[in-house]
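Structure at a glance
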Amino acid sequence: MRRKKQKTPSESVAIMTELVLPNDTNTLNNLMGGRLLHWMDIAAAIAAQKHSNRIVVTASVDNVSFSAPIRLGNVITLNAKVTRSFNSSMEVFIDVSAEDIPGGKKVSSNQAFYTFVAVDQGGSPIDVPEVVPETEEEKEMYAGALRRRQLRLVLAKKMKPEEATELKSIFIDE
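Remember, it's a predicted structure, so these values are computed and weren't measured experimentally.

Quick notes on the rules
- Residue positions within a chain follow its written sequence, with the count starting from 1.
- Residues qualify for local features only when their pLDDT is at least 70, as the model is predicted, and side-chain atom pairs are given and counted only at 80 or more; totals for whole chains, interfaces and linings, by contrast, use all residues.
- Heavy atoms from the whole structure form the basis of all side-chain values; hydrogens and water molecules are not counted.
- Using a 1 Å grid laid over the protein atoms alone, points where a 1.4 Å probe fits but cannot get out form a cavity; open sets with protein on both sides within 12 Å along at least 5 of 7 lines form a pocket; any residue with an atom within 4 Å of a point counts as lining.
- Grid points are joined across faces, edges and corners, and a volume is the space filled by probe spheres set on the points.
- Helix and strand labels come from DSSP, where a helix needs a run of H or I of at least four residues and a strand needs a run of E of at least two; each type is numbered from the N terminus.
- Between the rings of Phe, Tyr and Trp (Trp by its six-membered ring), a pair exists once the centres lie within 6.5 Å; its type follows the angle of the planes, with under 30 degrees stacked, over 60 edge-to-face, and the other angles tilted.
- The classification of residues rests on relative accessible area computed with a 1.4 Å probe and restricted to protein chains. Under 20% of the type maximum is buried, over 50% is exposed, and intermediate values are partly exposed.
- Criterion for a charge above a ring: Lys NZ or Arg CZ within 6 Å of the ring centre, and within 35 degrees of the ring normal.
- Between N or O atoms, a polar contact is any pair within 3.5 Å; within protein, one atom must be a potential hydrogen donor and the other a potential acceptor, and residues adjacent in sequence are included only when both atoms are from side chains.
- We call two residues contacting when some pair of their heavy atoms lies within 4.5 Å.
- If DSSP finds at least two bridges between two strands, the strands pair.
- Note on definitions: angles span 0 to 180 degrees between N-to-C directions of axes, and those axes are lines fitted to C-alpha atoms, for helices only across the stretch in contact.

A separate point is the layout of surface pockets. In this structure, the largest pocket encloses a volume near 260 Å³. Lining of the largest pocket is provided by 13 residues; of these, Ala59, Ser60, Thr115, Arg152 and Leu153 occupy positions nearest its centre. The element best represented in the lining of the largest pocket is helix H2 (residues 136-155), accounting for 3 residues.

This is the structure:
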């Protein structure tokens, strides 16, 4: 049996920087949520492509909350990296910070998990390399990815709740 290729999360890191311009804002001069989601999708897709060396498509986006408004003129930094891969899918964690450079203030504004599927030229799913976590943070993200995947599948009705063994282990003592 052929062994699957392996890559570390650090090999997939994608860092993107954007300046919030007037066309990106709402009437309160805050960054529009849809524009941020667009940028997050791009950064996460780049990380997934770096991991898989393939074309990728967005399969899901987990809970994105907006903890602090991002203002006109802020510099946004999006950090994305693959946390775990399955057969053809990859979970990508993305962390967003906003910086008011003249004001000397930087805040963490958003975090999310995106799931991408690698596809071949015909659009069919294709296997991706395994993820080998190195740091403690990467190992925690890797371990939690299976629970997050099962939750996504249960919520999408693609998995029966009783089959979600990783989720059961959180709630049921056996």
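Don't stop here, the text continues.
Counting across every chain of the model gives 2 aromatic pairs. Plain terms: the ring middles of phenylalanine 93 and phenylalanine 113 are 5.1 Å apart, the flat faces sit at 50° to each other, and that makes the pair tilted. You can see phenylalanine 93 sitting in strand S5 (residues 89-100) and its partner phenylalanine 113 sitting in strand S6 (residues 105-119), a full 20 residues away along the chain. Residue phenylalanine 113 is classed as buried on the basis of its relative accessible area of 15%. Just above the ring of phenylalanine 113 sits the side chain of arginine 148; from NZ or CZ to the centre is 4.0 Å.

With respect to the secondary-structure elements, histidine 51 resides in helix H1 (residues 33-52). A distance of 2.8 Å separates a polar atom in the side chain of histidine 51 from the backbone oxygen of proline 129. If we skip the residues at most four places from it in the chain, histidine 51 touches Lys7, Ser12, Val82, Ser85, Met90, Pro129, Glu130 and Val131.

What follows covers the sheet that holds strand S3 (residues 55-61). One open sheet accounts for 5 strands, arranged S2-S4-S5-S6-S3; its pairing is antiparallel. Edge positions in the open sheet fall to strand S2 (14-19) and S3, since each of these has one partner strand only. Put simply, the sheet's adjacent strands are angled 30° from each other on average, direction ignored. Inspection of the sheet shows S5 paired to S6 by 12 bridges, in the antiparallel sense. Paired with serine 97 across the strands is serine 108, a residue of S6.

Just geometry here; none of it tells us what the structure is for.
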